[in-house]
Number of protein chains: 2
Amino acid sequence: MSQNIYGRPYTVTARGPVLTPCAPHDVLARLGDKWTILIVSLLSLAPENRLRFSEIKNGITGISQRMLTLTLRNLERDGLLVRHYFPEVPPRVEYELSTMGKSMLPALEGFTNWIRSNWTAIEAARQNFDSREQDRD
Amino acid sequence: MSQNIYGRPYTVTARGPVLTPCAPHDVLARLGDKWTILIVSLLSLAPENRLRFSEIKNGITGISQRMLTLTLRNLERDGLLVRHYFPEVPPRVEYELSTMGKSMLPALEGFTNWIRSNWTAIEAARQNFDSREQDRD
DNA sequence: TGCATCAGTTACATGGAGATAACCATTGTC
DNA sequence: GACAATGGTTATCTCCATGTAACTGATGCA
């Protein structure tokens, strides 16, 4: 009786389907934070999907050193990118999308294609909603 | 010279690609919050993609009335679902995926399929990373 | 001597997401 | 008269993501 949708197990009861929390939220939460998808996108554009720390910092407007480090650590922890450290002076570090990270790109791109196609509609819906809400007094 | 990836405009400079922040982060942030994707998933399972407030509340373990209301408002604001209000006593309210909301499902499912396929690898990478980090002293 | 480079780390402050719990109006039922 | 059902709103609290800014260490260069 237990089934699966969007990575989430669910059971169909007399009152309708009942979901239990599960995996995909973790991944969506990671990509939904402020910087992760920008970094992944930037690496997807780079030759060999590989860039230095400073190249990423220069490529993403407004990110601080601290947030870049934190976000890269999280991506490395999840196995989505690989950190190559060269103990030179000054030190050099390169970040590269892992095999798993690269395998994510097509699926992610399919979804972001939908976003690109519908973004103006979403913005219009928001404006419409906000202006209608303004009336209630 | 300006191009587009993942909904984000970028320019290729001598130092590599430079991204400017843009739309898709908004949508990923919405779906990456704690409850949104659970609600969308639940509605995608329902007949006519339509459920009552109380049915959603019963279908999602642990969600509070407040967070359900807030998350539904945000989805309605974005035009991803439609709110049907019936002024009976006690009141009845039904939430239905909009046309745009339904059109999102295939792309979203493609992406969550990738997540489902790679989730165990991600968890393994996390454990590996955490145990290696533990050694450093 | 002093400053720049690179890739960070550390300390501190802040806003907002989310949790918890009480309250609301209307009606039907016991 | 008390209570349940429905679909909320409101107040208060906590915690975490994020921002800002200073500091690090080895070396090259002026």
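For the structure itself, look to the data block above.
Since the structure is predicted, the reported quantities are computational estimates derived from the model, not experimental observations. (Residues numbered from 1 in each chain as written. Chains lettered and ligands numbered in written order. Predicted model: local features only at pLDDT ≥ 70, side-chain atom pairs only at ≥ 80, totals over all residues. Heavy atoms only, no water.)

Caption draft 1: Structural view of the protein's contact with DNA strand D. Within the structure, DNA strand D sits among 20 residues, and K34 and R66 of chain A together with R83, P91 and Y95 of chain B are positioned closest to it. The sugar and phosphate moieties of DNA strand D supply 58% of its atoms located within 4 Å of the protein. A distance of 3.2 Å is found between a base oxygen of DNA strand D and a side-chain nitrogen or oxygen belonging to R66 of chain A. Within the side chain of Y95 of chain B, an N or O atom sits 2.7 Å from a phosphate oxygen of DNA strand D. (Near = heavy atom within 4 Å. Polar contact = N/O pair within 3.5 Å; in protein donor to acceptor, adjacent residues only side chain to side chain.)

Caption draft 2: Examining the interface of chain B and chain A more closely. With 62 residues of chain B in contact, the opposing surface of chain A contributes 62 residues. Approximately 6000 Å² of surface area, both sides summed, lies buried where chain B meets chain A, with 69% of it carried by carbon and sulfur atoms. Our count for the contact surface shared by chain B and chain A stands at six salt bridges. Linking D130 of chain B and R77 of chain A is a salt bridge whose minimum nitrogen-to-oxygen distance equals 2.7 Å. Taken together, chain B and chain A are joined by 14 residue pairs in polar contact (both at pLDDT 80 or more). Mapped by element, the contributors of at least two residues to the side of chain B that touches chain A are β1 (2–5), β2 (8–13), β3 (16–19), α1 (24–32), α2 (36–45), α3 (53–59), α4 (65–77) and α5 (99–134) of chain B. Per-element accounting of the side of chain B that touches chain A gives the leading share, 21 residues, to α5 of chain B. (Contact = heavy atoms within 4.5 Å. Buried area = accessible area lost by both parts, 1.4 Å probe. Salt bridge = Lys/Arg side-chain N within 4 Å of Asp/Glu carboxyl O. Helix = DSSP H or I, 4+ residues; strand = E, 2+ residues; numbered from the N terminus.)

Caption draft 3: How the structure looks around the relation of the copies chain B and chain A. Mapping chain B onto chain A calls for a rotation angle of 180 degrees and an axial translation of 0.0 Å; the resulting RMSD is 0.0 Å. These values place the two chain copies in the arrangement generated by a two-fold rotation axis. Taking the C-alpha atom as reference, chain B places G32 of chain B closest to the rotation axis, 2.6 Å from it. Interface overlap between copies: 100% of the residues of chain B at the interface are likewise at the interface in chain A, consistent with a symmetric, same-surface contact. (Least-squares fit on C-alpha atoms with pLDDT ≥ 70 in both.)

Caption draft 4: Inspection of the environment of D33 of chain B at higher detail. Residue and element names in this part refer to chain B. Within the secondary structure, D33 sits in the loop between α1 and α2. Side-chain polar atoms of D33 contact the backbone nitrogen of W35, separated by 3.3 Å. Only 2.8 Å separates the side chain of D33 from the side chain of T36, close enough to count as a polar contact.

Caption draft 5: How the structure looks around the protein's contact with DNA strand C. Around DNA strand C sit 20 residues in total, of which Q65, R83 and Y95 of chain A together with K34 and R66 of chain B are the nearest. Of all DNA strand C atoms lying within 4 Å of any protein atom, the proportion belonging to sugar or phosphate reaches 60%. Within the side chain of R52 of chain A, one N or O atom sits 3.1 Å away from a phosphate oxygen of DNA strand C. Between P91 of chain A and DNA strand C, the recorded distance is 3.0 Å, taken from a backbone N or O atom to a sugar or linking oxygen. Counting residues per element, the surface near DNA strand C draws most heavily on helix α4 (residues 65–77) of chain A, at four residues. Looking at the surface near DNA strand C, its residues break down into eight nonpolar, four polar and eight charged. (Nonpolar A, V, L, I, M, F, W, Y, C, P; charged D, E, K, R; others polar.)

As far as function goes, none of this settles anything; it's purely spatial.
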